[in-house]
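Spelled out from the first residue to the last, the chains are:
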Amino acid sequence: MGKIKVGFGFDVHQLKENHPFVLGGVKLEHHAGAYGHSDADVLLHAICDALLGAANLRDIGFHFSNKDDRWKGISSLVLLQHVVALIKEKGFVIGNIDAMVCLEAPKINPHIPAMKTYIAEAAAISEEDISIKATTNEQMGFIGREEGVVAYAVCLIEKEYGT
């Protein structure tokens, strides 16, 4: 029996017209996209925060400041690879990731298999250990007005005792 820890992550970004929309490492066709310092991939940012939290390594902003030009426009898949390296340094491996994206459009269900492939590769885990779901906000609030996108993630990490 080893040490098991659970983490929770959340991210939100505003949507801007004629801006690329990257989600789970996949570029989506849409009239607007998430705006931020990196590629603004809310799904990967929520996953990174869940993993960092589970390992007691603070949050994504601590490790990848939006004031640091090294991270400007970077793929969040690279950030996820850095996070996985950090938790491995503490002796942890990822058990699973469960994530939820909340947006009105575009529909992401056709893109979930590709997202899982990219995330599995970056996190060095099986696609079977990644769950991605989507919901709308029933046209209410900033999500309903298509002004922003939100993602939530939980993860389980574990390590053997003695490591």
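Residues numbered from 1 in each chain as written. Predicted model: local features only at pLDDT ≥ 70, side-chain atom pairs only at ≥ 80, totals over all residues. Heavy atoms only, no water.

### With respect to the state of the cysteines
Using the criterion set out here, one finds zero disulfides in the structure. C155 provides the cysteine sulfur closest to C48, a residue in no disulfide bond, and the two sulfurs are 10 Å apart. Taking relative accessible area as the criterion, C48 reaches 0% and is therefore assigned buried. Relative accessible area serves as the criterion here: at 4%, C155 is assigned to the buried category. (Disulfide = S-S within 2.5 Å. Buried < 20%, exposed > 50% of the residue type's maximum accessible area, 1.4 Å probe, protein only.)

### Some details on the packing of aromatic side chains
Under the criterion given, the structure shown has three aromatic pairs. Ring centres of F10 and Y152 lie 5.4 Å apart, and the angle between their planes is 50 degrees; on these two criteria the pair is classed as tilted. A residue pair is termed long-range when its members are at least 10 positions apart, and F10 in strand 1 (residues 2-17) and Y152 in strand 7 (residues 148-160) qualify at 142 residues. In this structure F10 comes out as partly exposed when scored by relative accessible area, which is 39%. Its relative accessible area of 36% is what places Y152 among the partly exposed residues. One aromatic cluster is present, built from ring pairs that chain together F8, F10 and Y152. (Phe/Tyr/Trp six-rings, centres within 6.5 Å; stacked < 30°, edge-to-face > 60°. Helix = DSSP H or I, 4+ residues; strand = E, 2+ residues; numbered from the N terminus.)

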